[in-house]
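Report on the structure
The residues making up each chain are set out below.
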Amino acid sequence: MPGIVLVGAQWGDEGKGKITDLLADDMHVVARYQGGNNAGHTIIYQDKVLKLHLIPSGILYPHIISVIGNGVVVNPAVIVQEMDELNELGISTENLRISHNAHIILRCHEVLDGLSEESRGSFGLGTTRRGIGPTYADKAMRVGLRMQDLVYPRILEEKGRLLFKLKNEMIAGLYQAPPLDIDEEMEKLRHYADRLRPYIDDTSLIIKSALREGKNVLFEGAQGTLLDLDHGTYPYVTSSNPTAGGACTGTGVGPRDIEEIIGVSKAYLTRVGSGPFPTEQSNEIGEAMQKLGQEFGTTTGRVRRCGWLDTVLLRYAVRINTMTSLAVTKLDVLSQFDTIKACVRYKYGDELFEEFPVHQEIFSRCEPVYVDMPGWGIDISEATTLEELPPEARSYLQFIQEEAGIPVKIVSVGPERRQTIVIDGGERRLEERKFLFQDDLPL
Ligand code: GDP
Ligand code: IMO
Ligand code: MG
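Here is what the cut-offs are and how they apply
Residues numbered from 1 in each chain as written. Chains lettered and ligands numbered in written order. Predicted model: local features only at pLDDT ≥ 70, side-chain atom pairs only at ≥ 80, totals over all residues. Heavy atoms only, no water. Donors = N, O, S within 2.8 Å, 3.2 Å for Na, K, Ca; no water. Helix = DSSP H or I, 4+ residues; strand = E, 2+ residues; numbered from the N terminus. Buried < 20%, exposed > 50% of the residue type's maximum accessible area, 1.4 Å probe, protein only. Near = heavy atom within 4 Å. Polar contact = N/O pair within 3.5 Å; in protein donor to acceptor, adjacent residues only side chain to side chain. Areas by Shrake-Rupley, 256 points an atom, 1.4 Å probe, with all protein chains shown as cover. 1 Å grid on protein atoms, 1.4 Å probe; cavity = no way out; pocket = protein on both sides within 12 Å on 5 of 7 lines; lining within 4 Å. Sits in = over half its atoms within 2 Å of the grid points. Nonpolar A, V, L, I, M, F, W, Y, C, P; charged D, E, K, R; others polar. Domains from an automatic or database assignment. Patch = residues over 30% accessible without salt bridge, like charges linked within 9 Å, V, L, I, M, F, W, Y side chains within 5 Å. Salt bridge = Lys/Arg side-chain N within 4 Å of Asp/Glu carboxyl O. Points joined across faces, edges and corners; volume = space filled by probe spheres on them. Contact = heavy atoms within 4.5 Å. Buried area = accessible area lost by both parts, 1.4 Å probe. Phe/Tyr/Trp six-rings, centres within 6.5 Å; stacked < 30°, edge-to-face > 60°.

This part is about the coordination of the magnesium ion (ligand 3). The coordination sphere of the magnesium ion (ligand 3) contains the protein donors Asp13 (OD) and Gly40 (O), at a distance range of 2.0 to 2.2 Å. Note that Asp13 is positioned in the loop between strand E1 (3-8) and helix H1 (16-23) and Gly40 in the loop between strand E2 (29-32) and strand E3 (41-45), a separation of 27 residues in sequence. Take Gly40: its relative accessible area is 11%, and that puts it in the buried class.

Here is the structure:
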């Protein structure tokens, strides 16, 4: 076996790209299972900053087969551009395989994403406008175009024209916007079909064969638990299932093929786009996190909203994904604060919530209940072992571990690969220092 899922525990941008890169050495296959080029993973590769949106970061390693699973939505123009950019850097894309069942993002989907956002005005979701929602909607409507439709020119012609016709009716009829030139769009599609045809494959079989041979497969989640269409902060979510269950439906393996589920969480919290965020710091604290953490969206360049860690949400993410361990990233960004806060409960009226509230109204209006912990005030970005961290930083990790109820096994203290602490036997090593603030908990 082992199949390992790497999943975002928050609203995305937890640093999944860096952790995937870190684990890559031991992997045979790295597979994306959902989302599209709304994702943006920043990886430092041989001193270069690489931003990947669609191709799994496993592509940097020649021993890895990089899979784009059936649950991903693929924009042909973006994937071809990403392949070209990688090739220019001397990175081969020979080991890329794209599922025959992955749906295709077309220009009409991008246009409709933008038109829909504009028509919602102040109720907009703050999407990346990459056509994600409209493409998944077409998948559910059973009118979508799939990668396998690129294989046969006649089918591409028939299905492509029909879809563009339907979408043009929406663009012009519903939004009174200029329709797309179907001949021009079809011409582009034929060109991309020629480029992508050799990469289209039965990726479920590729993954299963690797697992049968006892090789490691990493299922790389995009976005995060709270952006999950079913389990996230609906409607301010994406249109796929980033949670661990999505790894099965999005690649064609079964739950028994998964052995480990690693959740990636920042030591604080960020969000891009609209929607409630109880621990948001719209003040100098948030600005300081944003500045030191370089919190700008990888895909759209938007400033990320920043706030303290929310353990109510973290525990929820652990439960929804059945996470087995945590990777805590960006601990170094908290070095600048004298006091570190973390939310442990929500207060709504006289009621306290230990679990993620059922009703959105409560989540939107609740007040976070914080615990205060002392900061460490020194640079930790060169630490490579737990022992090199100041006691306050270790206590904070211990706190996270106890709140989450699962061991912290990886700690990231900087964007580079070497700026990482891997904790063997996670919970035991951290337990040496007991959580200092238990008695101070307000509840
Ligand atoms: P992803 O979407 O989850 O892969 O995350 P992004 O790549 O969008 O955003 C994470 C950002 O944080 C990237 O710019 C990373 O280079 C950076 N990063 C990752 N881990 C750390 C860390 O431990 N410390 C700091 N300072 N930056 C980090
Ligand atoms: P990675 O993989 C952070 C957010 C958007 C918006 C909502 C819906 O880099 O962690 P969509 O375009 O998906 O319909 O937008 O989801 N969003 C992300 N936020 N990181 C991401 O990906 C995101 N992908 C989508 O900002 O709020
Ligand atoms: Mg990102």
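Back to the text.
Turning next to the site of ligand 1. Among the 18 residues in the neighbourhood of ligand 1, the closest are listed as Lys16, Gly40, His41, Thr42 and Ser412. In the model, an oxygen atom of ligand 1 is placed 2.5 Å from a nitrogen or oxygen of the Ser412 side chain. Residue Gly414 places a main-chain N or O atom 3.0 Å away from an oxygen atom belonging to ligand 1. When isolated, ligand 1 has an accessible area of 590 Å², and the protein chains bury 92% of it. Comparing atom positions with the cavity grids shows ligand 1 to sit within the second largest pocket. For the shell around ligand 1, the elements supplying multiple residues, two or more each, are H1 and E3. Here the shell around ligand 1 takes three residues from H1, the largest share from any one element.

Around ligand 2, 20 residues are found, and the nearest of them are Asp13, Lys16, Thr128, Gln223 and Thr238. Here an oxygen atom of ligand 2 and a backbone polar atom of Asp13 are 2.7 Å apart. Between ligand 2 and Thr128 there is a distance of 2.5 Å, counted from an oxygen atom to a side-chain nitrogen or oxygen. Protein coverage of the free-state accessible area of ligand 2, which is 550 Å², stands at 98%. Here the shell around ligand 2 is composed, by residue class, of seven nonpolar, ten polar and three charged. Two domains each provide a minimum of three residues to the shell around ligand 2, namely domain 1 (3-100 + 202-437) and domain 2 (103-199).

A few words now on a nonpolar patch on the surface. A surface patch of nonpolar side chains, about 350 Å² in accessible area, is lined by Met141, Val143, Leu162 and Leu166. Tracing the sequence through the fold places Leu166 in helix H5 (residues 153-174). Given the relative accessible area of 33%, Leu166 is considered partly exposed.

With the rule as written, the count across this model stands at two cavities of 30 Å³ or more. Estimates place the volume of the largest cavity at around 40 Å³. Ala9, Gln10, Ser265, Leu269, Leu309, Asp310, Leu313 and Leu314 together form the lining of the largest cavity. Of all the secondary structure elements, the ones that give two or more residues to the lining of the largest cavity are strand E14 (309-310) and helix H10 (311-321). Split into classes, the residues belonging to the lining of the largest cavity amount to five nonpolar, two polar and one charged. Empty space within the second largest cavity amounts to approximately 30 Å³. Among the elements of the structure, H1 and E3 are those that each provide at least two residues to the lining of the second largest cavity.

So, about the pattern of salt bridges. Within this structure, the stated rule accounts for 30 salt bridges. Between Asp257 and Lys208 there is a salt bridge, and its shortest N-O distance comes to 2.7 Å. Remark: Lys208 occurs in helix H7 (residues 203-212) and Asp257 occurs in the loop between helix H8 (245-249) and strand E11 (258-266); sequence separation between them is 49 residues. When its relative accessible area of 10% is taken as the criterion, Asp257 is described as buried. A relative accessible area of 27% places Lys208 in the partly exposed class.

Once the domains are mapped, the chain shows domain 1 (3-100 + 202-437) and domain 2 (103-199). One C-alpha centre belongs to domain 1, the other to domain 2; they are set 30 Å apart. Across the contact, 33 residues belong to domain 1 and 23 residues belong to domain 2. The contact between domain 1 and domain 2 buries some 2500 Å² in all, and 58% of this surface belongs to carbon and sulfur atoms. Interface area lost by domain 1 to domain 2 is led by Val73, Pro76 and His100, which between them contribute 22%. For the interface between domain 1 and domain 2, the tally reads one salt bridge. The salt bridge partner of Arg195 is Asp84, with a shortest N-O separation of 2.9 Å. Of all the secondary-structure elements, those providing two or more residues to the side of domain 1 that touches domain 2 are strand E6 (73-74), helix H2 (76-88) and strand E7 (96-99). A per-element tally of the side of domain 1 that touches domain 2 places H2 first, with six residues. Its residues assigned to classes, the side of domain 1 that touches domain 2 shows twelve nonpolar, 18 polar and three charged.

It is worth spelling out the packing of aromatic side chains at this point. The final tally for this structure, using the stated rule, is seven aromatic pairs. Considering the side-chain rings of Trp376 and Tyr396, the 6.4 Å spacing of their centres and the 40° angle between planes classify their relative orientation as tilted. One end of the pair, Trp376, is in the loop between strand E18 (367-374) and helix H12 (391-404); the other, Tyr396, is in helix H12, with 20 residues separating them in the sequence. Residue classification places Tyr396 among the buried positions, given a relative accessible area of 2%. Ring geometry for Tyr396 against Phe399: centres 6.1 Å apart, planes inclined by 15°, an arrangement best described as stacked. With Tyr396 and Phe399 both in helix H12 and three residues apart, the pair spans about one turn of that helix. Classification of Phe399 as buried rests on a relative accessible area of 0%. Here the aromatic residues Tyr316, Tyr346, Phe356 and Phe363 are joined through ring pairs into a cluster of three or more.

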